[in-house]
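Below, each chain spelled out in residue letters.
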Amino acid sequence: MSQQLKNGKVRKGSLKNRIIGFTLLLFISVISISSYLNISTVKENVSDALLEKSIQQVDEIARQAEYILLSTSNPTVELQNFVENKAKQSGIAYAVVIDKNVTAIAHSDQEKIGKNYEDDPYSVDGAKNGKTMTSRFYADVQKSWTFDIMVPIYIDNKLYGSMDVGIFEGDITKVTNEILFKEIITVSVGCLIIILLMIIILNKMFKPLLLAVDKCNEMGKGEFTELINLKYTSRNDEVGKLTHALNEMQNNFVDLLNEINLTSKKVTASSEELKDATSISLESSKDLSSTV
């Protein structure tokens, strides 16, 4: 055993496992960052789309309010019944008709009928200036966050005020979360499939290297009976070159051992001949000595 093996620390864990671990870590990091950015974009786009759809819904409500104002003799009572009915619909927190004086002439919360909103720039822009307004608003009566949407109301092409409707934020976020949940499930399943495929492929790629390690161990023990399968040595990549080189090295070792064995036999035979010659010489010496 070399001095390095005696004094050095042997690193445990196969190269394959380290490559798989590093690759998985890198892959999961990239996928996580990409998924986060993708999900954030999807969430923003879905929220914008749902908000746009809610604006269209409020716009239809505003057109219905315009019809009531034009077709009834007592629009105040009709508008009050109208907003109360709208507030009972699923997803709507409240409904308010605000005139051009920024005063609530009809409100689904009856206690707020006649309330003036001139101190609220948001309501002023919607009712006096005829702008479509959206904001996130906490409804104190319903104890819930809403998307407040204001759409202008016109009578004979003249600004009358604004239709103000609160859409429960939970309904919009619920749809968004469902879409995001499906997106996360899809990404997770895709990642799992890719990870499994990567493990299978890496295991297949590293199989020849494990065979090469086993072959080195066999040669270290003096076993030179079997060669590495031709399907690995015939490959054109580094694995093929390595396994081919190991087979060549084994063949050279076998040839070298055969030569050593043959030379050893020749040396043994020469030794026997020399021994016989020495014995004959010794006998001759004895005979000469006796004659003398």
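All values reported here derive from a predicted model rather than from experimental measurement.

Brief notes about the layout of surface pockets
Link 1 in the chain: The calculated volume of the largest pocket comes to roughly 270 Å³.
Link 2 in the chain: Tyr94, Tyr117, Phe137, Asp148 and Asp164 are the residues nearest the centre of the largest pocket, which is lined by 18 residues in total.
Link 3 in the chain: Taken together, the elements giving at least two residues each to the lining of the largest pocket come down to β1 (92-99), α4 (121-127) and β3 (133-139).
Link 4 in the chain: Among the residues forming the lining of the largest pocket, the class breakdown is seven nonpolar, four polar and seven charged.

Comments concerning the packing of aromatic side chains
Link 1 in the chain: This structure, assessed with the given rule, holds two aromatic pairs.
Link 2 in the chain: With a centroid separation of 6.1 Å and 80° between ring planes, the pair formed by Tyr94 and Phe137 is classed as edge-to-face. Of the two residues, Tyr94 is situated in strand β1 and Phe137 in strand β3; the sequence distance between them amounts to 43 residues.
Link 3 in the chain: On the basis of relative accessibility, which here comes to 5%, the residue Tyr94 falls in the buried class.
Link 4 in the chain: Relative to Trp145, the ring of Tyr138 lies with its centre 5.3 Å away and its plane at 65°, an arrangement referred to as edge-to-face.

Things to note about the environment of Leu159
Link 1 in the chain: Here Leu159 is to be found in strand β5 (residues 158-168).
Link 2 in the chain: C-alpha of Leu159 to C-alpha of Lys100: the two residues are 59 residues apart in sequence and 7.3 Å apart in space.
Link 3 in the chain: Sequence-distant contacts of Leu159, that is, excluding residues within four places in its chain, are made with Lys100, Ala127, Lys128, Asn129, Gly130, Pro152, Ile153 and Tyr154.

Concerning unusual backbone geometry
Link 1 in the chain: A positive phi is found at Asp156, a non-glycine position, where the angle reads about 55°.
Link 2 in the chain: Mapping Asp156 onto the fold places it in the loop between β4 (144-155) and β5.
Link 3 in the chain: The exposure class of Asp156 is exposed, given its relative accessible area of 60%.
Link 4 in the chain: Even without glycine at this site, Asn157 takes up a positive phi of about 65°.
Link 5 in the chain: Structurally, Asn157 can be placed in the loop between β4 and β5.

Focus: the confidence of the model for the chain
Link 1 in the chain: Taken over all residues, the pLDDT of the chain has a mean of 79, while the share at 70 or more is 79%.
Link 2 in the chain: Confidence drops under a pLDDT of 50 for residues 1-11, and excluding neighbours within four residues, the segment shows three contacts in the predicted structure.

Some details on the pattern of salt bridges
Link 1 in the chain: Within the structure shown, the criterion is met by three salt bridges.
Link 2 in the chain: Arg63 is the salt-bridge partner of Asp59, the closest N and O atoms lying 2.5 Å from each other. Of the two residues, Asp59 and Arg63 are both situated in helix α2 (residues 15-71); the distance of four residues between them amounts to about one turn of the helix.
Link 3 in the chain: Of the charged contacts in the structure, one is a salt bridge between Glu66 and Arg63, with a shortest N-O distance of 2.6 Å. You can see Glu66 and its partner Arg63 sitting in helix α2, three residues apart, about one turn around the helix.

Observations concerning helix α3 (residues 75-87)
Link 1 in the chain: Between its first and last C-alpha atoms α3 spans 18 Å; for 13 residues at 1.5 Å apiece the expected length is 18 Å, and the two agree.
Link 2 in the chain: Residues Leu79, Gln80, Phe82, Val83 and Lys86 constitute the buried set of α3. Buried residues of α3, seen end-on, are gathered within an arc of 165° and therefore sit on one face of the element.

What counts, and at which threshold
- Residues numbered from 1 in each chain as written.
- Predicted model: local features only at pLDDT ≥ 70, side-chain atom pairs only at ≥ 80, totals over all residues.
- Heavy atoms only, no water.
- 1 Å grid on protein atoms, 1.4 Å probe; cavity = no way out; pocket = protein on both sides within 12 Å on 5 of 7 lines; lining within 4 Å.
- Points joined across faces, edges and corners; volume = space filled by probe spheres on them.
- Helix = DSSP H or I, 4+ residues; strand = E, 2+ residues; numbered from the N terminus.
- Nonpolar A, V, L, I, M, F, W, Y, C, P; charged D, E, K, R; others polar.
- Phe/Tyr/Trp six-rings, centres within 6.5 Å; stacked < 30°, edge-to-face > 60°.
- Buried < 20%, exposed > 50% of the residue type's maximum accessible area, 1.4 Å probe, protein only.
- Contact = heavy atoms within 4.5 Å.
- pLDDT = per-residue confidence, 0-100.
- Salt bridge = Lys/Arg side-chain N within 4 Å of Asp/Glu carboxyl O.
- Expected span 1.5 Å × (residues − 1).
- Arc of directions from axis to C-beta.

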